[in-house]
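Descriptive analysis of the structure
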Amino acid sequence: MNSTKTTRYALSRVLAGAAATVIALAYIESSRRAGTPAPVPFLVLYAGVVLAAWLGGICTSLPVATLVAGYIIYAGTVPFGPATLTGGVLQISIGIALYVFTAILLGRNTDRLRRAIAEQQSAKTTLEQLVRSRTTELSTSNEALRQSTESLQAAAQAQERVVADRTQLIETANAPI
């Protein structure tokens, strides 16, 4: 993949992760305003943070977690259903910490995995080039060896002819007249 395609692909992952969370926030807030709260809204937001971390790494997951944290604080200040849904300051703080921790942990791991995959691909490419180079060298050496063998065989045959000719000359010279 060339640099431009890689950049576009990375940007599309970042945008997809952020867009999924923004869509979830819009759905949750519109449902709240319509009076029909979305079921388990904070679990949906957690899934958005996980998706953002998986798709875009830490550069997407932290802003998404920050956006979700802001929404959670907002949800704690406006009527958002029963108090058990939003909880108090402690529950909101724990929820925000969970979102941020998840964003950091999964985002960092996703980035590490992508780097490892890129390094592996680079090593594979280098190894393939090395194999091609060594194969070419081996082919060249084999061709030189074949030519050398042919030359040696031709020389051996010529030597055999010379020996045979001289043997015949000696036999002819030693033959009675």
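What you see is a predicted model; the values in this text were computed from it and never measured.

Re the packing of aromatic side chains
By the definition in use, this model includes two aromatic pairs. Geometrically, the ring pair formed by Y46 and Y99 is tilted, given 5.8 Å between the ring centres and 50° between the ring planes. Here Y46 is found in helix α2 (residues 41-56), whereas its partner Y99 is found in helix α5 (residues 89-174), with 53 residues between them in sequence. For Y46, a relative accessible area of 25% gives the class partly exposed. Here Y99 falls in the buried class, since its relative accessible area comes to 4%. With 5.7 Å between their ring centres and 45° between their planes, Y71 and Y74 make a pair best called tilted. Residue Y71 and its partner Y74 are located together in helix α3 (residues 58-77), separated by three residues, close to a single helical turn. A relative accessible area of 10% places Y71 in the buried class.

Some thoughts on the nonpolar core
Ranked by size, the top nonpolar core spans 19 residues in total, and within it F42, L45, V49, V68, Y71, I72 and Y99 carry the most contacts. Elements with a contribution of two residues or more to this core: α1 (3-34), α2, α3 and α5. Take this core: its biggest share by element is seven residues, from α3.

Describing the side chain of T60
As for its placement among the helices and strands, T60 is situated in helix α3. For T60, the contacting residues outside a window of four places in its chain are V14, G17, A18 and A52.

A look at the packing of α1 against α2
Two numbers describe how α1 lies on α2: the axes approach to 7 Å, and their chain directions differ by 170°. Comparing their axes, α2 and α1 come out roughly antiparallel. Touching R13, V14, A16, G17, A20, T21, A24, L25 and I28 of α1 are P41, V44, L45, G48, V49, L51, A52, L55 and G56, all from α2. When its residues are assigned to classes, the contact of α1 with α2 shows 13 nonpolar, four polar and one charged.

Describing α1
Its 32 residues give α1 an end-to-end C-alpha distance of 46 Å, which sits within 8% of 46 Å, the value for a rise of 1.5 Å per residue. Of all the residues in α1, the buried ones are R13, G17, T21, A24, L25, I28, E29, S31 and R32. Residues of α1 that are buried in the fold lie against α2, α3 and α5. The positive-phi residue at the C-terminal boundary of α1 is G35, with phi of around 90°.

Observations regarding a nonpolar patch on the surface
Judged by side-chain polarity, V40, L43 and V44 come together as a nonpolar surface patch covering roughly 260 Å² of accessible area. Mapped onto the secondary structure, L43 falls in helix α2. By relative accessible area, which is 56% here, L43 ends up exposed.

Digging into the pattern of salt bridges
If you walk through the whole model with that rule in mind, you get four salt bridges. Residue E29 pairs with R33 through a salt bridge whose shortest N-O separation is 2.7 Å. Taken together, the residues E29 and R33, both in helix α1 and four residues apart, mark about one turn of the helix. On the accessibility criterion, E29 (11% relative accessible area) is buried. For R33, a relative accessible area of 62% translates into the label exposed. Linked through salt bridges whose partners overlap, the residues forming this network are E143, R146 and E150.

Rules used throughout
- Along each chain, residues carry numbers from 1 onward, in the same order as the chain's sequence is written.
- Residue-level local features of this predicted model are given only where pLDDT is at least 70; pairs of side-chain atoms are given and counted only at 80 or more, and the full residue set underlies all totals for whole chains, interfaces and linings.
- Based on all heavy atoms of the structure, the side-chain values leave hydrogens and waters out of the count.
- Paired rings are identified among Phe, Tyr and Trp, the last through its six-membered ring, by centres lying within 6.5 Å, and are further divided according to the angle between planes into stacked (under 30 degrees), edge-to-face (over 60) and tilted (the rest).
- The way it works is that DSSP assigns letters per residue, a run of H or I at least four long becomes a helix, a run of E at least two long becomes a strand, and they are numbered from the N terminus.
- The classification of residues rests on relative accessible area computed with a 1.4 Å probe and restricted to protein chains. Under 20% of the type maximum is buried, over 50% is exposed, and intermediate values are partly exposed.
- We call a set of buried Ala, Val, Leu, Ile, Met, Phe, Trp, Tyr and Cys residues a nonpolar core when their side-chain atoms join them within 4.5 Å.
- Any pair of residues with heavy atoms lying within 4.5 Å of one another is described as a contacting pair.
- Comment: axis = line fitted to C-alpha atoms, over the contacting stretch for helices; angle = value between 0 and 180 degrees taken between N-to-C directions.
- Just so you know how the angles are binned, under 35 degrees is roughly parallel, over 145 roughly antiparallel, 65 to 115 roughly perpendicular, and the rest oblique.
- For this scheme, ten residues count as nonpolar: Ala, Val, Leu, Ile, Met, Phe, Trp, Tyr, Cys and Pro. Four count as charged, namely Asp, Glu, Lys and Arg, and the remainder, Gly too, count as polar.
- The span one expects for a helix is its residue count, reduced by one, times 1.5 Å.
- Residues enter a patch when their relative accessible area is above 30% and they make no salt bridge; the linking distance is 9 Å between like charges and 5 Å between nonpolar side chains (Val, Leu, Ile, Met, Phe, Trp, Tyr).
- With residues, only the protein chains shown are counted as cover, and all accessible areas are computed by Shrake-Rupley using a 1.4 Å probe.
- One side-chain nitrogen of Lys or Arg within 4 Å of one carboxyl oxygen of Asp or Glu is enough to make a salt bridge.

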